[in-house]
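Understanding the architecture of this molecule
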Amino acid sequence: MLVDWIQSKGGVFNPKLEIRKADPSDPNSFYGMFANEEIEEDGILMQIPRDYFVTSELDDPEWICNTTRNLVREMKLGDSSRDGPYVNYLKDQPRGQLPSSWSKKGRSLLLKVTGGSSDDQIIPPKGPVDRLNWWKSECDGGDDEFEQHVFLMVMQRGWDDILIPVFDMMNHRNGKWLNTKETSVYDEDQPDVVVKARKHIQAGDEIYTSYDECEDCVGRADTYGTPDILRDYGFVEIFPQKWIFEDQEVAFKLDENEEGELELEWISDEADEEDLKFFDEQIKRLQDLWDDELSHSHEKIPENEIRTIQGFAKASIRAMEAMRDFVRGDMARDASEGTCGVS
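Here is a short report on the structure shown in this document. (Residues numbered from 1 in each chain as written. Predicted model: local features only at pLDDT ≥ 70, side-chain atom pairs only at ≥ 80, totals over all residues. Heavy atoms only, no water.)

**Thoughts on the state of the cysteines**
The tally for this structure, following the rule as stated, stands at two disulfides. Each disulfide pairs two cysteine sulfurs, and for C65 the partner residue is C139, the sulfurs being separated by 2.0 Å. Around the S-S axis, the bridge from C65 to C139 shows a dihedral of about -70° and counts as left-handed. On the criterion of sequence distance, the pair formed by C65 in helix α2 (residues 63–77) and C139 in the loop between α5 (131–137) and α6 (145–157) is long-range, its members being 74 residues apart. Both residues of the pair, C65 and C139, belong to the buried class. Through a disulfide, C214 is tied to C217; the S-S separation comes to 2.0 Å. Judged by the sign of its S-S torsion, about 95°, the cystine formed by C214 and C217 is right-handed. Under the relative-accessibility criterion, C214 is labelled buried at 13%. (Disulfide = S-S within 2.5 Å. Helix = DSSP H or I, 4+ residues; strand = E, 2+ residues; numbered from the N terminus. Buried < 20%, exposed > 50% of the residue type's maximum accessible area, 1.4 Å probe, protein only.)

Pasting the structure below:
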(Lines give C-alpha, C1' and ligand atoms only; values in the text may rest on other atoms or scores of the structure.)
Protein backbone atom coordinates (compact mmCIF):
# COMPACT_ATOMS: atom_id res chain seq x y z
CA MET A 1 0.00 0.00 0.00
CA LEU A 2 2.80 2.42 0.89
CA VAL A 3 4.61 1.71 -2.37
CA ASP A 4 1.39 2.19 -4.34
CA TRP A 5 0.82 5.50 -2.58
CA ILE A 6 4.28 6.89 -3.33
CA GLN A 7 3.94 5.82 -6.97
CA SER A 8 0.58 7.59 -7.17
CA LYS A 9 2.39 10.77 -6.11
CA GLY A 10 4.92 10.58 -8.95
CA GLY A 11 7.45 8.34 -7.23
CA VAL A 12 9.17 5.30 -8.72
CA PHE A 13 9.70 1.86 -7.16
CA ASN A 14 11.47 -0.71 -9.30
CA PRO A 15 9.11 -3.67 -9.95
CA LYS A 16 12.12 -5.98 -9.51
CA LEU A 17 12.09 -5.12 -5.80
CA GLU A 18 9.89 -6.40 -3.01
CA ILE A 19 9.54 -5.64 0.69
CA ARG A 20 9.16 -8.84 2.69
CA LYS A 21 10.45 -10.88 5.60
CA ALA A 22 13.93 -12.29 5.07
CA ASP A 23 12.52 -15.72 5.89
CA PRO A 24 8.79 -15.73 5.08
CA SER A 25 8.35 -18.99 7.01
CA ASP A 26 9.68 -17.46 10.26
CA PRO A 27 7.21 -15.15 12.05
CA ASN A 28 10.13 -13.53 13.94
CA SER A 29 12.13 -12.79 10.79
CA PHE A 30 13.01 -9.16 10.08
CA TYR A 31 11.62 -7.18 7.15
CA GLY A 32 13.89 -5.98 4.37
CA MET A 33 13.96 -4.95 0.74
CA PHE A 34 14.99 -7.66 -1.73
CA ALA A 35 15.59 -8.04 -5.45
CA ASN A 36 13.32 -10.62 -7.08
CA GLU A 37 15.21 -10.31 -10.39
CA GLU A 38 18.69 -9.20 -11.45
CA ILE A 39 19.24 -5.44 -11.52
CA GLU A 40 22.06 -3.88 -13.52
CA GLU A 41 24.55 -1.40 -12.07
CA ASP A 42 23.13 2.16 -12.08
CA GLY A 43 19.60 0.86 -12.46
CA ILE A 44 17.06 3.06 -10.67
CA LEU A 45 15.74 1.36 -7.55
CA MET A 46 13.44 4.11 -6.36
CA GLN A 47 12.73 7.78 -6.83
CA ILE A 48 10.97 9.60 -4.00
CA PRO A 49 9.44 13.07 -4.53
CA ARG A 50 10.78 15.67 -2.12
CA ASP A 51 7.25 17.05 -1.70
CA TYR A 52 6.40 13.93 0.33
CA PHE A 53 9.28 14.09 2.76
CA VAL A 54 8.38 14.84 6.39
CA THR A 55 10.66 17.67 7.55
CA SER A 56 11.01 20.40 10.15
CA GLU A 57 9.62 22.89 7.59
CA LEU A 58 11.84 25.51 9.23
CA ASP A 59 15.42 26.71 8.98
CA ASP A 60 15.93 26.26 12.70
CA PRO A 61 18.71 24.80 14.86
CA GLU A 62 16.11 22.70 16.70
CA TRP A 63 15.38 20.84 13.44
CA ILE A 64 14.68 17.41 14.88
CA CYS A 65 12.34 18.95 17.47
CA ASN A 66 10.23 20.58 14.76
CA THR A 67 10.14 17.43 12.65
CA THR A 68 8.97 15.49 15.70
CA ARG A 69 6.14 17.92 16.36
CA ASN A 70 5.11 17.92 12.70
CA LEU A 71 5.06 14.13 12.65
CA VAL A 72 3.05 13.98 15.89
CA ARG A 73 0.47 16.25 14.25
CA GLU A 74 0.28 14.17 11.07
CA MET A 75 0.14 10.84 12.93
CA LYS A 76 -2.80 12.13 14.98
CA LEU A 77 -4.55 13.07 11.73
CA GLY A 78 -4.07 9.53 10.42
CA ASP A 79 -6.12 8.97 7.25
CA SER A 80 -6.83 12.70 7.06
CA SER A 81 -3.13 13.53 6.76
CA ARG A 82 -1.69 14.36 3.37
CA ASP A 83 0.78 11.59 4.12
CA GLY A 84 -1.87 9.19 5.43
CA PRO A 85 -0.43 5.84 4.23
CA TYR A 86 3.04 6.75 5.48
CA VAL A 87 2.02 8.03 8.91
CA ASN A 88 -0.30 5.04 9.38
CA TYR A 89 2.65 2.76 8.57
CA LEU A 90 4.72 4.59 11.19
CA LYS A 91 1.91 4.29 13.75
CA ASP A 92 2.10 0.50 13.35
CA GLN A 93 5.80 0.36 14.23
CA PRO A 94 6.46 -1.20 17.65
CA ARG A 95 7.70 0.89 20.52
CA GLY A 96 10.81 0.14 22.52
CA GLN A 97 13.15 -0.30 19.55
CA LEU A 98 15.89 2.00 20.87
CA PRO A 99 17.68 1.41 24.19
CA SER A 100 16.50 4.83 25.41
CA SER A 101 12.92 3.49 25.43
CA TRP A 102 13.66 0.07 26.90
CA SER A 103 12.40 -1.15 30.26
CA LYS A 104 14.14 0.25 33.33
CA LYS A 105 15.85 -3.09 34.00
CA GLY A 106 16.85 -3.45 30.35
CA ARG A 107 18.48 -0.01 30.38
CA SER A 108 20.22 -0.82 33.65
CA LEU A 109 21.65 -4.06 32.28
CA LEU A 110 22.95 -2.37 29.12
CA LEU A 111 24.69 0.21 31.32
CA LYS A 112 26.40 -2.64 33.14
CA VAL A 113 27.77 -3.79 29.78
CA THR A 114 29.11 -0.35 28.85
CA GLY A 115 30.19 0.27 32.45
CA GLY A 116 29.87 3.43 34.50
CA SER A 117 26.78 5.62 34.73
CA SER A 118 24.27 6.73 32.10
CA ASP A 119 26.52 9.62 31.00
CA ASP A 120 30.00 8.19 31.67
CA GLN A 121 30.72 4.86 29.99
CA ILE A 122 33.88 2.76 30.14
CA ILE A 123 33.35 1.36 26.64
CA PRO A 124 31.23 2.85 23.84
CA PRO A 125 28.68 4.03 23.03
CA LYS A 126 28.46 7.27 24.94
CA GLY A 127 25.03 7.88 26.41
CA PRO A 128 23.58 4.52 25.37
CA VAL A 129 20.18 5.18 26.98
CA ASP A 130 20.03 8.99 27.12
CA ARG A 131 18.34 10.04 23.86
CA LEU A 132 15.14 11.17 25.59
CA ASN A 133 17.23 13.61 27.63
CA TRP A 134 17.78 15.44 24.34
CA TRP A 135 14.02 15.62 23.76
CA LYS A 136 13.58 17.26 27.15
CA SER A 137 16.63 19.52 27.21
CA GLU A 138 16.92 20.60 23.56
CA CYS A 139 13.28 20.40 22.44
CA ASP A 140 11.63 21.44 25.71
CA GLY A 141 9.67 18.22 25.40
CA GLY A 142 7.60 16.67 28.14
CA ASP A 143 6.69 13.24 29.44
CA ASP A 144 4.01 12.39 26.88
CA GLU A 145 4.91 8.82 25.87
CA PHE A 146 3.58 9.16 22.34
CA GLU A 147 5.63 12.29 21.67
CA GLN A 148 8.72 10.61 23.10
CA HIS A 149 8.11 7.57 20.89
CA VAL A 150 7.82 9.80 17.81
CA PHE A 151 11.01 11.69 18.73
CA LEU A 152 12.98 8.44 18.92
CA MET A 153 11.41 7.32 15.65
CA VAL A 154 12.66 10.48 13.93
CA MET A 155 16.15 9.84 15.34
CA GLN A 156 16.07 6.23 14.20
CA ARG A 157 14.56 6.63 10.73
CA GLY A 158 15.53 10.15 9.72
CA TRP A 159 18.27 11.85 7.79
CA ASP A 160 18.71 14.46 10.53
CA ASP A 161 15.35 16.29 10.32
CA ILE A 162 14.09 14.50 7.19
CA LEU A 163 11.95 11.38 6.93
CA ILE A 164 11.69 9.75 3.49
CA PRO A 165 8.88 7.27 2.81
CA VAL A 166 9.89 3.84 1.45
CA PHE A 167 13.60 4.75 1.37
CA ASP A 168 13.59 4.45 5.17
CA MET A 169 12.51 0.80 4.89
CA MET A 170 15.94 -0.21 3.60
CA ASN A 171 18.28 -1.94 6.06
CA HIS A 172 21.91 -1.07 6.76
CA ARG A 173 25.09 -2.91 5.90
CA ASN A 174 28.53 -1.69 4.81
CA GLY A 175 31.45 -3.22 2.95
CA LYS A 176 30.83 -5.52 0.02
CA TRP A 177 27.16 -5.76 0.99
CA LEU A 178 26.42 -2.07 0.34
CA ASN A 179 24.75 -2.08 -3.08
CA THR A 180 23.02 1.29 -3.37
CA LYS A 181 23.91 4.92 -3.92
CA GLU A 182 21.68 7.96 -3.85
CA THR A 183 21.51 11.62 -4.78
CA SER A 184 21.78 14.03 -1.88
CA VAL A 185 18.85 14.11 0.49
CA TYR A 186 19.74 17.73 1.28
CA ASP A 187 19.88 19.13 -2.27
CA GLU A 188 16.63 21.08 -2.36
CA ASP A 189 17.22 22.06 -5.99
CA GLN A 190 16.46 18.46 -6.95
CA PRO A 191 12.75 17.52 -6.90
CA ASP A 192 13.42 13.86 -6.00
CA VAL A 193 15.90 11.67 -4.21
CA VAL A 194 17.00 8.96 -6.63
CA VAL A 195 18.42 5.67 -5.36
CA LYS A 196 20.40 3.54 -7.82
CA ALA A 197 22.21 0.22 -7.82
CA ARG A 198 25.85 0.76 -6.82
CA LYS A 199 26.75 -2.52 -8.56
CA HIS A 200 25.10 -5.47 -10.26
CA ILE A 201 22.49 -6.98 -7.93
CA GLN A 202 21.56 -10.64 -8.09
CA ALA A 203 18.05 -11.99 -7.68
CA GLY A 204 17.46 -12.71 -3.98
CA ASP A 205 20.00 -10.13 -2.75
CA GLU A 206 18.91 -7.83 0.04
CA ILE A 207 19.05 -4.14 -0.82
CA TYR A 208 21.22 -2.23 1.65
CA THR A 209 21.90 1.39 2.39
CA SER A 210 24.45 2.71 4.90
CA TYR A 211 23.71 4.66 8.06
CA ASP A 212 27.27 5.92 8.41
CA GLU A 213 28.96 5.65 5.00
CA CYS A 214 26.19 7.05 2.78
CA GLU A 215 26.57 9.91 0.30
CA ASP A 216 25.32 12.39 2.92
CA CYS A 217 27.06 10.82 5.97
CA VAL A 218 29.81 13.43 6.06
CA GLY A 219 32.05 13.01 9.10
CA ARG A 220 30.52 9.72 10.24
CA ALA A 221 32.65 7.24 8.32
CA ASP A 222 35.53 7.13 10.81
CA THR A 223 33.83 8.50 13.93
CA TYR A 224 30.60 6.50 14.19
CA GLY A 225 30.74 2.82 14.95
CA THR A 226 28.85 -0.34 15.80
CA PRO A 227 28.06 0.80 19.40
CA ASP A 228 26.60 4.08 18.09
CA ILE A 229 24.35 2.15 15.73
CA LEU A 230 23.01 0.18 18.69
CA ARG A 231 22.22 3.41 20.56
CA ASP A 232 20.60 5.26 17.63
CA TYR A 233 19.10 2.44 15.54
CA GLY A 234 18.52 -0.33 18.05
CA PHE A 235 20.42 -3.29 16.59
CA VAL A 236 23.85 -4.88 16.74
CA GLU A 237 25.55 -4.38 13.39
CA ILE A 238 26.63 -7.53 11.58
CA PHE A 239 29.97 -7.61 9.78
CA PRO A 240 31.63 -5.42 8.78
CA GLN A 241 31.80 -3.50 12.04
CA LYS A 242 33.61 -0.41 13.30
CA TRP A 243 34.82 -0.05 16.87
CA ILE A 244 35.87 3.39 18.09
CA PHE A 245 37.22 3.64 21.63
CA GLU A 246 37.49 7.40 21.84
CA ASP A 247 39.06 7.69 25.29
CA GLN A 248 41.82 5.22 24.34
CA GLU A 249 42.21 6.76 20.84
CA VAL A 250 41.89 3.27 19.39
CA ALA A 251 39.66 2.63 16.37
CA PHE A 252 39.46 -0.21 13.87
CA LYS A 253 37.25 -2.01 11.37
CA LEU A 254 36.48 -5.68 11.80
CA ASP A 255 35.21 -7.97 9.06
CA GLU A 256 34.81 -11.67 8.40
CA ASN A 257 36.24 -13.23 5.21
CA GLU A 258 34.72 -16.07 3.22
CA GLU A 259 36.59 -18.62 5.36
CA GLY A 260 35.04 -17.19 8.52
CA GLU A 261 38.31 -15.61 9.67
CA LEU A 262 38.33 -12.14 11.22
CA GLU A 263 40.22 -9.37 9.43
CA LEU A 264 41.18 -6.09 11.08
CA GLU A 265 41.91 -2.69 9.53
CA TRP A 266 43.15 0.20 11.64
CA ILE A 267 41.39 3.57 11.58
CA SER A 268 43.66 4.97 14.30
CA ASP A 269 47.28 4.21 15.08
CA GLU A 270 47.76 0.64 16.27
CA ALA A 271 47.08 0.01 19.96
CA ASP A 272 50.10 -0.32 22.27
CA GLU A 273 50.73 -2.50 25.30
CA GLU A 274 49.26 0.09 27.69
CA ASP A 275 46.05 0.09 25.65
CA LEU A 276 45.96 -3.69 25.75
CA LYS A 277 45.94 -3.68 29.55
CA PHE A 278 42.69 -1.69 29.40
CA PHE A 279 41.16 -4.08 26.87
CA ASP A 280 42.24 -7.13 28.89
CA GLU A 281 40.41 -5.65 31.87
CA GLN A 282 37.27 -4.97 29.84
CA ILE A 283 37.23 -8.44 28.29
CA LYS A 284 37.50 -9.96 31.76
CA ARG A 285 34.79 -7.64 33.13
CA LEU A 286 32.34 -8.57 30.34
CA GLN A 287 33.11 -12.28 30.61
CA ASP A 288 32.35 -12.15 34.34
CA LEU A 289 29.18 -10.17 33.67
CA TRP A 290 28.16 -12.78 31.11
CA ASP A 291 28.56 -15.59 33.61
CA ASP A 292 26.77 -13.69 36.38
CA GLU A 293 23.91 -11.92 34.57
CA LEU A 294 23.90 -12.14 30.78
CA SER A 295 23.90 -15.87 30.03
CA HIS A 296 20.27 -16.39 31.01
CA SER A 297 16.89 -14.76 30.43
CA HIS A 298 15.47 -12.22 32.87
CA GLU A 299 11.85 -12.38 33.92
CA LYS A 300 11.40 -8.59 34.00
CA ILE A 301 13.37 -7.75 30.86
CA PRO A 302 11.58 -8.21 27.50
CA GLU A 303 13.05 -10.91 25.29
CA ASN A 304 14.04 -8.51 22.48
CA GLU A 305 16.00 -6.38 24.95
CA ILE A 306 17.93 -9.23 26.54
CA ARG A 307 18.75 -10.73 23.12
CA THR A 308 20.12 -7.38 21.93
CA ILE A 309 22.14 -6.86 25.12
CA GLN A 310 23.58 -10.37 24.85
CA GLY A 311 24.43 -9.80 21.19
CA PHE A 312 26.16 -6.52 21.95
CA ALA A 313 28.16 -7.98 24.83
CA LYS A 314 29.32 -10.89 22.65
CA ALA A 315 30.23 -8.52 19.80
CA SER A 316 32.18 -6.26 22.18
CA ILE A 317 34.16 -9.16 23.62
CA ARG A 318 34.88 -10.58 20.17
CA ALA A 319 36.04 -7.22 18.80
CA MET A 320 38.36 -6.47 21.72
CA GLU A 321 39.78 -10.00 21.69
CA ALA A 322 40.40 -9.86 17.94
CA MET A 323 42.16 -6.51 18.20
CA ARG A 324 44.24 -7.64 21.19
CA ASP A 325 45.30 -10.88 19.50
CA PHE A 326 46.14 -9.03 16.30
CA VAL A 327 48.40 -6.56 18.12
CA ARG A 328 50.11 -9.19 20.25
CA GLY A 329 50.64 -11.30 17.14
CA ASP A 330 52.40 -8.31 15.55
CA MET A 331 54.50 -7.80 18.68
CA ALA A 332 55.53 -11.47 18.72
CA ARG A 333 56.53 -11.31 15.04
CA ASP A 334 58.53 -8.13 15.63
CA ALA A 335 60.34 -9.75 18.57
CA SER A 336 61.18 -12.86 16.56
CA GLU A 337 62.58 -10.67 13.80
CA GLY A 338 64.71 -8.69 16.24
CA THR A 339 62.84 -5.38 15.83
CA CYS A 340 61.68 -3.04 18.59
CA GLY A 341 58.10 -1.97 19.17
CA VAL A 342 55.16 -1.98 16.81
CA SER A 343 55.52 -0.56 13.33
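**A word on a negative patch on the surface**
Judged by side-chain charge, E258, E259, E261 and E263 come together as a negatively charged surface patch. Tracing the backbone through its elements, the reader meets E259 in the loop between β10 (250–256) and β11 (262–266). Among the residues examined, E259 registers a relative accessible area of 62% and is labelled exposed. (Patch = residues over 30% accessible without salt bridge, like charges linked within 9 Å, V, L, I, M, F, W, Y side chains within 5 Å. Areas by Shrake-Rupley, 256 points an atom, 1.4 Å probe, with all protein chains shown as cover. Salt bridge = Lys/Arg side-chain N within 4 Å of Asp/Glu carboxyl O. Lys, Arg positive; Asp, Glu negative; His and termini not counted. Charge placed at Lys NZ, Arg CZ, Asp CG, Glu CD.)

**Focus on the packing of helix α4 (residues 104–114) against helix α8 (residues 273–294)**
In contact at an axis separation of 9 Å, α4 and α8 are set at 155° when each is read in the N-to-C sense. One finds that α4 runs roughly antiparallel with respect to α8. Counting all contacts with α4, which are made through L109, K112, V113 and T114, the residues of α8 involved are R285, L286, L289, E293 and L294. Class assignment of the residues belonging to the contact of α4 with α8 gives a composition of five nonpolar, one polar and three charged. (Axes fitted to C-alpha atoms, helices over the stretch in contact; angles between N-to-C directions. Parallel < 35°, antiparallel > 145°, perpendicular 65-115°, else oblique. Contact = heavy atoms within 4.5 Å. Nonpolar A, V, L, I, M, F, W, Y, C, P; charged D, E, K, R; others polar.)

**Digging into the pattern of salt bridges**
Under the defined criterion, the tally for this structure stands at 22 salt bridges. Its salt-bridge partner being K242, residue D212 comes within 3.1 Å of it at the nearest N-O pair. In this pair, D212 sits in the loop between β8 (208–209) and α7 (226–233) while K242 sits in strand β9 (residues 241–245), placing the two residues 30 residues apart along the sequence. Exposure class is identical for D212 and K242. Each is buried. Here R324 makes a salt bridge to D325, at a shortest N to O gap of 3.2 Å. Residue R324 is classed as buried on the basis of its relative accessible area of 18%.

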